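Structural overview for review
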Amino acid sequence: MGIETLKTGAIGVALLLALSACATTTDSSANSSVSRAEFRGELPSDVYDFAFANAIADQIASECRSLTLNRSQINKTSKSLTEKYEAEGYRESDFKYLARNLPRKRVQDDAIAYIQKRGIVIGEAETFCAAGRLEISNETSIGAFLKG
């Protein structure tokens, strides 16, 4: 699954798909330096941050017609994370396991906090546009995933 398959309007689904996009290649070798048995019980913060920023940017772009996703930046960041975790021995199954066990309350709480902080009103496209333009002007990770 790749970033390109993100569904509009579904932050949770987008987050899961973004996590899948960060998945490493399958390694069936028993000598892999990291396995699910050894894998930390929580999602690495940089992977969560990437996935969350990607999901929020996707939501903003789906609601605001004057902004689009900066797919080249998303793909560049995804590739960088993939390479980092492949080098550390992470496998695709590790990320699939984490994606299935994603802390849904954390995702929900973070999405609600973001919406409130940015003054977004569901159903009012201009509030999404304003949030997106602010992210771009502040050069945030969300802003890097948007263009307009």
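Anyway, here's the lowdown on the structure attached to this text. The written sequence of each chain sets the order in which its residues are numbered from 1. In view of the model being predicted, local features appear only for residues whose pLDDT reaches at least 70, and side-chain atom pairs are presented and counted only at 80 or more, with totals across whole chains, interfaces and linings using the full set of residues. Side-chain measures were taken over the full set of non-hydrogen atoms in the model, leaving aside hydrogen atoms and water.

**Some details on the packing of aromatic side chains**
Under the convention used in this document: For Phe, Tyr and Trp, where Trp contributes only its six-membered ring, two rings pair if their centres lie within 6.5 Å, and the inter-plane angle classes them as stacked under 30 degrees, edge-to-face over 60, or tilted in between. Runs of H or I in DSSP of at least four residues are treated as helices and runs of E of at least two as strands, each being numbered from the N terminus. Only protein chains enter the area calculation, which uses a 1.4 Å probe; residues under 20% of their type maximum are buried, those over 50% are exposed, and those in between are partly exposed. Should the NZ of a Lys or the CZ of an Arg lie within 6 Å of a ring centre and within 35 degrees of the ring normal, that charge is described as sitting over the ring.
This structure, assessed with the given rule, holds 3 aromatic pairs. Geometrically, the ring pair formed by Tyr48 and Phe52 is stacked, given 5.9 Å between the ring centres and 15° between the ring planes. Here the residue Tyr48 and the residue Phe52 both occupy positions in helix 2 (residues 45-63), the gap between them amounting to 4 residues, near one helical turn. Accessibility expressed as a relative area gives 12% for Phe52, which makes it buried. Between Tyr85 and Tyr90, the aromatic rings sit 4.9 Å apart at their centres with planes inclined by 90°, giving edge-to-face as the arrangement. As far as the burial class goes, Tyr85 and Tyr90 line up, both buried. The ring of Tyr48 carries Arg106 above its face, with NZ or CZ at 3.6 Å from the centroid.

**Quick look at the side chain of Thr127**
Cut-off, in case you're wondering: Throughout this description, a polar contact denotes any pair of N or O atoms lying within 3.5 Å of each other; where both atoms belong to protein, one of them has to be capable of donating a hydrogen while the other can accept it, and for residues adjacent in sequence the pair is counted only when both atoms sit in side chains. Any two residues whose heavy atoms approach within 4.5 Å are treated as being in contact.
Mapped onto the elements, Thr127 comes out in helix 6 (residues 125-137). Here Val121 takes part through its backbone nitrogen, which lies 3.0 Å from a polar atom of the side chain of Thr127. Only 2.6 Å separates the side chain of Thr127 from the backbone oxygen of Glu124, close enough to count as a polar contact. With sequence-adjacent residues up to four places away left out, Thr127 is seen in contact with Gly119, Ile120 and Val121.

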